[in-house]
Number of protein chains: 2
Amino acid sequence: MKQTGDLNLVKKINKSIVLQHIRSTSPVSRARLAELTGLTKATVSSLVAELIESRLVDEIGAGESSGGRKPVMLLFNGTAGYAVGVDLGINYIWAALTDLNGNTVEQYRLKHNNTSVESVIADLIACIREVAGRAPDSAYGIVGIGIGIPGFSDERGNVLFAPNLGWENVPLQQLIEQEFAIPVVIDNEANAGAVGEKQFGAGQEAAHLVYVSIGMGIGTGIIIKDELFRGSSGFSGEMGHISIQYDGKPCRCGNAGCWELYASENALLEQARAVMPGGDVSVETLIRLAEEGDLAAIECFERLGRYLGIGIVNIINSFNPELIVIGGRLAEAERWLRGAVHEVVERRSLPYPRAQLQVQFSALGAGATVLGACSFAIGKFFASTKVSVE
Amino acid sequence: MKQTGDLNLVKKINKSIVLQHIRSTSPVSRARLAELTGLTKATVSSLVAELIESRLVDEIGAGESSGGRKPVMLLFNGTAGYAVGVDLGINYIWAALTDLNGNTVEQYRLKHNNTSVESVIADLIACIREVAGRAPDSAYGIVGIGIGIPGFSDERGNVLFAPNLGWENVPLQQLIEQEFAIPVVIDNEANAGAVGEKQFGAGQEAAHLVYVSIGMGIGTGIIIKDELFRGSSGFSGEMGHISIQYDGKPCRCGNAGCWELYASENALLEQARAVMPGGDVSVETLIRLAEEGDLAAIECFERLGRYLGIGIVNIINSFNPELIVIGGRLAEAERWLRGAVHEVVERRSLPYPRAQLQVQFSALGAGATVLGACSFAIGKFFASTKVSVE
DNA sequence: CAACTTTGTAAATTGATTAAACAAACTTAG
DNA sequence: CTAAGTTTGTTTAATCAATTTACAAAGTTG
């Protein structure tokens, strides 16, 4: 039984359209909203009255007249509620508190080295409690919690498999919801990053974008028609395991020549160890060396950039996105990766899909995941009947 | 200015839901439709009355009683109109006429060897006129024309580039619409095939499917959430140009090691020429040889199957579809390809996205493109205000 | 200051869905 | 064969969100 149409649905659609316009165009008047949406002034007035009633919109006084009565300007009330977002890493937990506009107001970071379920969950709860406790008073309080995890989850928020944590079948959403009694959303770290870039970063104008998260492996988050694409069973975006060399190095996933064997942090470090024997090799030291002009380090990054480009060409030719955002910790090495990536993309991708394409490095950096996790929570809040239709 | 909600929209949504249920469940009664859709019996009655009025639905008399008054059974009237679908090949044109259910009622095939725009357009118009002329009388007549082309097109139906025809910037939709004065839809051959399989073939249950068309090259059509995914500018699905060997054979597209250099008809023939020198080599002869048990021919197919599998693994890991359909002329060699493809997929793809996945060879064969083209026309007809809301 | 604009609200109208009641048609138990 | 109960599909009145039309309030401009 699908969603059928009735008057309730109509109101929900229109209210959501009006709210979206206020969010993106504020400050804005009722009359201008009527123009923008195509609804009548009367309808807009009525919907705005309810939005003000529910504390999501505020009147902030008169605006500039354009030859008649002055408009009353409306503002989206971003501080009507707050969301918690968590980047659950392999050896760290990073929690942030944002308002409904996605502005970060509190942060908390924790290192952990015990990846057992019990230990991590305890740390996770502590982190959430920490930032949530610091939330200012507001109409809706904490509206939800979003968590980005290094692994796979299903639509009910169970962590199916997180290789680097050694987790299998952990009902994470249920556990956290029990603890805090507010809605919790679980998703892959790269998916969260993609949403973060889409909502608050480089991708705000792009309907179709692919976020490439370079860490120990490579994960990708795919946004299609402004929505996260999760695949038929929630496992889309494992493009790190696209083979770019069919008879290449064997990967523990069963495939051979996987992209992430050539273009991840691990691949970078492996290469660096080979050409700079004996040295203490880490991403930080390599960046420092490159900054000092060390040619070997720079060549390591450029080599990585070329492999990165090869996989990105595959993404371009198959998805034809408007934007590809390169994120993760290696995005900090943009200076040395950029040239190689663009050169390979220019040379190897098909001209038509490339024509309107942009390849950018993340502006949000590692924060994309946390912000995306917040956005999950905010999105769930707005999708819930609580605000859409009272 | 987006689509806002009003009473018209509500009716359009509900009418479309009712019609869809009648299409998929017929024969069906009004009372059962009310149960299925969640609408009230009164609403269903009113909408059905309009659908009968517009000739899309017929009453076919009483059904079996289940302990009360006998229901009046309703049937979708598939012959209320007809659609023309065309597979525009490199050296052939194949046109079909189907009813609104997608049942083929007429066909016409034409060989051509002059690929100039004028010559092909003339042949195309002749083919369409031929099958359209044989259409039975009906309420709506020919509702539209769909054309699958071997190349790229934009949303206005201009052929941007068709390498094997040597076409660039041909306003095909406009030309054909001028000639016949009915709606025309142009899309890529692989996209048409994907829609054909989705509507009438193996993919009717699958919300996410990828159709792999193996011809002289490899094209793919991607269906996401029951809808064709065209990418941000209409060039998605060029997965034939995914590199599966980053330092492999150079491709004329600018990339190296493209999948289609290893797994297309051309690749098969090239390999066959290498191992069976002097022989007259074509797909037909290779299939005949394989049927006769020729080991060299069989090995050629199996080798192709393994390369096919490598690319399919990439599709699985990136898209996580429910279904992958292998189509095009080489689908006829299923007997010898099947084993190798499945073996590679089992061994190399990630377990989670593979779990609920099916890899099938096309049941519609080369007909998928023609049927998909018809489906474009039928879909446009139903989307038009003509029937949705009068 | 009069004429014109612009903004936002109010009242009456429209139209699709729903809920409730009902008539017609049919089955079944005794 | 009859009475009771079921199922189907229509009718009628009520609901409710948007629209249309009108208008009051608050500006600007010459």
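In the block above lies the structure referred to throughout.
How each quantity is defined
Residues numbered from 1 in each chain as written. Chains lettered and ligands numbered in written order. Predicted model: local features only at pLDDT ≥ 70, side-chain atom pairs only at ≥ 80, totals over all residues. Heavy atoms only, no water. Buried < 20%, exposed > 50% of the residue type's maximum accessible area, 1.4 Å probe, protein only. Helix = DSSP H or I, 4+ residues; strand = E, 2+ residues; numbered from the N terminus. Arc of directions from axis to C-beta. Contact = heavy atoms within 4.5 Å. Near = heavy atom within 4 Å. Polar contact = N/O pair within 3.5 Å; in protein donor to acceptor, adjacent residues only side chain to side chain. Nonpolar A, V, L, I, M, F, W, Y, C, P; charged D, E, K, R; others polar. Phe/Tyr/Trp six-rings, centres within 6.5 Å; stacked < 30°, edge-to-face > 60°. Buried area = accessible area lost by both parts, 1.4 Å probe. Salt bridge = Lys/Arg side-chain N within 4 Å of Asp/Glu carboxyl O.

S.K.: Please explain helix 5 (residues 172-180) of chain B as it appears in this structure.
M.R.: The periodicity of an α-helix, 3.6 residues per turn, causes residues three or four places apart in sequence to face the same way. All names here are of chain B. Listing the buried residues of helix 5 in full gives L172, Q173, I176 and F180. All buried residues of helix 5 lie within an arc of 95° about the axis, which places them on one face of the element. As for helix 5, its buried residues are in contact with helix 4 (117-133), strand 6 (142-149), strand 8 (159-162), strand 9 (167-170), strand 10 (184-188) and helix 13 (367-383). After helix 5 finishes, the residue A181 shows a positive phi value of roughly 55°.

S.K.: It is not clear to me how the protein's contact with DNA strand D should be interpreted in this structure. Could you clarify?
M.R.: Residues in close proximity to DNA strand D total 24 residues, the closest being N14 of chain A together with K41, S45, R69 and V72 of chain B. Sugar and phosphate atoms constitute 65% of the interface atoms of DNA strand D, taking the interface as everything within 4 Å of the protein. A distance of 2.9 Å separates a base nitrogen of DNA strand D from a polar side-chain atom of K41 of chain B. Within the residue set of the surface near DNA strand D, elements represented by two or more residues are helix 1 (7-25) and helix 3 (41-53) of chain A together with helix 2 (30-37) and helix 3 (41-53) of chain B. With four residues, the single largest contributor to the surface near DNA strand D is helix 1 of chain A. Of the residues contributing to the surface near DNA strand D, the split by class is seven nonpolar, twelve polar and five charged.

S.K.: Is there a simple way to explain the packing of aromatic side chains in this structure?
M.R.: Describing an aromatic ring pair means giving the distance of the ring centres and the angle of the ring planes. For the structure shown, the criterion picks out 25 aromatic pairs over all chains. When the ring of F152 of chain A is compared with that of Y352 of chain B, the centres are 5.6 Å apart and the planes differ by 50°; the resulting orientation is tilted. Residue F152 of chain A is located in strand 7 (residues 152-153), and its partner Y352 of chain B is located in helix 12 (residues 351-355); the two belong to separate chains. Among the residues examined, Y352 of chain B registers a relative accessible area of 26% and is labelled partly exposed.

S.K.: For this particular structure, what's the right way to read the interface of chain B and chain A?
M.R.: It is common to report an interface's size as the accessible area lost on association of the parts. Contact residues are listed per partner, giving 66 residues for chain B and 66 residues for chain A. Buried area between chain B and chain A, summed over both chains or domains, comes out near 5,400 Å², and the portion from carbon and sulfur atoms is 57%. Looking at the side of chain B facing chain A, the largest losses of area belong to Y246, R348 and Y352 of chain B, adding up to 15% of the total buried there. Applying the counting rule to chain B against chain A returns two salt bridges. Note that K225 of chain B is salt-bridged to E227 of chain A, the shortest N-O span being 2.7 Å. Scanning the region where chain B abuts chain A turns up 38 residue pairs in polar contact (both at pLDDT 80 or more). Elements that contribute at least two residues to the side of chain B that touches chain A include exactly helix 1 (7-25), helix 2, strand 8, strand 12 (218-224), helix 10 (295-319), helix 11 (334-348) and helix 12 of chain B.

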